[in-house]
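# Analysis of the macromolecular model
Listed below are the residues making up each chain.
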Amino acid sequence: MSDFQNEMNRTVQGFVAQITELARRAAIDTLESAFGARSSGGGGGRNGGGAASAAVALAAAGLGRVGRPRGGRGAKRTAADLEALSQRFAAYVKSNPGLRIEQINKELGTSTKDLALPIRKLISEGQISAKGKKRSTTYFPGKKAAKN
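Residues numbered from 1 in each chain as written. Predicted model: local features only at pLDDT ≥ 70, side-chain atom pairs only at ≥ 80, totals over all residues. Heavy atoms only, no water.

### Some points on the pattern of salt bridges
- In total, this model carries 4 salt bridges according to the counting rule given.
- We note a salt bridge from Arg-25 to Glu-21, for which the minimum N-O separation is 3.5 Å. With Arg-25 and Glu-21 both in helix α1 (residues 3-39) and 4 residues apart, this pair spans about one turn of that helix.
- For Arg-25, a relative accessible area of 48% corresponds to the partly exposed category.
- Of the charged contacts in the structure, one is a salt bridge between Arg-100 and Glu-102, with a shortest N-O distance of 3.5 Å.
- A relative accessible area of 28% means that Glu-102 is categorised as partly exposed. (Salt bridge = Lys/Arg side-chain N within 4 Å of Asp/Glu carboxyl O. Helix = DSSP H or I, 4+ residues; strand = E, 2+ residues; numbered from the N terminus. Buried < 20%, exposed > 50% of the residue type's maximum accessible area, 1.4 Å probe, protein only.)

### Comments concerning the nonpolar core
- One finds Phe-89, Ile-104, Ile-119, Ile-128 and Tyr-139 to be the most contacted residues of the largest nonpolar core, which totals 13 residues.
- Within the residue set of this core, elements represented by two or more residues are α3 (79-95), α4 (101-108) and α5 (112-125).
- Sort the elements by how many residues they give to this core and α3 lands first, with 5 residues.
- Those residues within four positions of Ile-104 in sequence are excluded, and the remaining contacts are Phe-89, Tyr-92, Val-93, Leu-99 and Tyr-139. (Core = buried A, V, L, I, M, F, W, Y, C linked by side-chain atoms within 4.5 Å. Contact = heavy atoms within 4.5 Å.)

### Brief notes about the packing of α3 against α5
- Taken N-terminus to C-terminus, the directions of α3 and α5 make an angle of 75 degrees; their axes are 9 Å apart at the nearest point. As judged from the angle between their axes, α3 and α5 are roughly perpendicular. From α3, Leu-82, Leu-85, Ser-86, Phe-89 and Ala-90 reach across to α5, where they touch Asp-114, Leu-115, Leu-117, Pro-118, Ile-119, Lys-121 and Leu-122.
- Looking at the contact of α3 with α5, its residues break down into 9 nonpolar, 1 polar and 2 charged. (Axes fitted to C-alpha atoms, helices over the stretch in contact; angles between N-to-C directions. Parallel < 35°, antiparallel > 145°, perpendicular 65-115°, else oblique. Nonpolar A, V, L, I, M, F, W, Y, C, P; charged D, E, K, R; others polar.)

### Examining the sheet that holds strand β3 (residues 138-141)
- Judged by pairing direction, the sheet is antiparallel, and its 3 strands sit side by side in the order β1-β3-β2 without closing on themselves. With one partner strand each, in any of the chains shown, β1 (99-100) and β2 (128-131) form the two edges of the open sheet.
- Alignment of β1 against β3, held across 2 bridges, turns out to be antiparallel. Bridge assignment links Leu-99 to a residue of β3, and that residue is Tyr-139. (Pairing = 2+ DSSP bridges.)

### Points about the packing of aromatic side chains
- What the rule picks out here adds up to 1 aromatic pair.
- Between Phe-89 and Tyr-139, the ring centres sit 5.6 Å apart and the planes meet at 80 degrees, which makes this aromatic pair edge-to-face. Within this pair, whereas Phe-89 is found in helix α3, its partner Tyr-139 is found in strand β3, the two being separated by 50 residues in sequence.
- What makes Tyr-139 buried here is its relative accessible area of 10%.
- The ring centre of Phe-140 lies 4.6 Å from the NZ or CZ of Lys-131, which sits over that ring. (Phe/Tyr/Trp six-rings, centres within 6.5 Å; stacked < 30°, edge-to-face > 60°. Lys NZ or Arg CZ within 6 Å of the ring centre and 35° of its normal.)

### As for α4
- Within the span of α4, buried status applies to Ile-101, Ile-104, Asn-105 and Leu-108. Down the axis of α4, the buried set is contained in an arc of 100 degrees. They therefore lie on one face. More than 90 degrees from the buried face of α4, the exposed residues found are Lys-106 and Glu-107.
- The secondary structure elements touched by the buried residues of α4 are α3, β1, α5 and β3.
- Within two residues after α4, Gly-109 carries a phi angle of roughly 70 degrees, on the positive side. (Arc of directions from axis to C-beta.)

Geometric descriptors of this kind do not, in isolation, establish any biological role.
Quick look at the structure:
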C-alpha cells in the first residue's frame, strides 16, 4: 500500500474509535440519568423514566438489545380480579343485551384486551352468548344467566 492509503486508513480508524467512544459515553450518561431518576422517585412516563432511551443508546453503542425485555409480560391478574371483571361484564350484558365490545368497553372503562379472557370463560360457562364475528360480535345473556 502507498503511504497515502496507510495514512488514510489510520485516520479513518482513529475517527471510528472516537465515534465509538462518544457513543459509549452517551449510553453511560443516559443509563446513569435513567437509573438515577428512577431511584430518586422521579422519572416521567409509564416505563420508569428514560429506560427506553437508555436501551436505544445502548443498542447504538453496541452494548445491549433494543425491544421488550425477555419474559416482560407484566404481572398476571389475580383470580379475584378476573372474577370481579367477569361478573361486571356479565351483569352489564344482562342489563344491556346486543352491544358490541367497543360499546361495552366505553361504559365499563375497560379495553378489549382486558375482557378477552373473562369473555371466553363466560361463554364457555354459558353465562353469556355471542353472535357475529370479529368486530361485529354482539353479546347476550346466556341460558345460565337467564335462570339466575
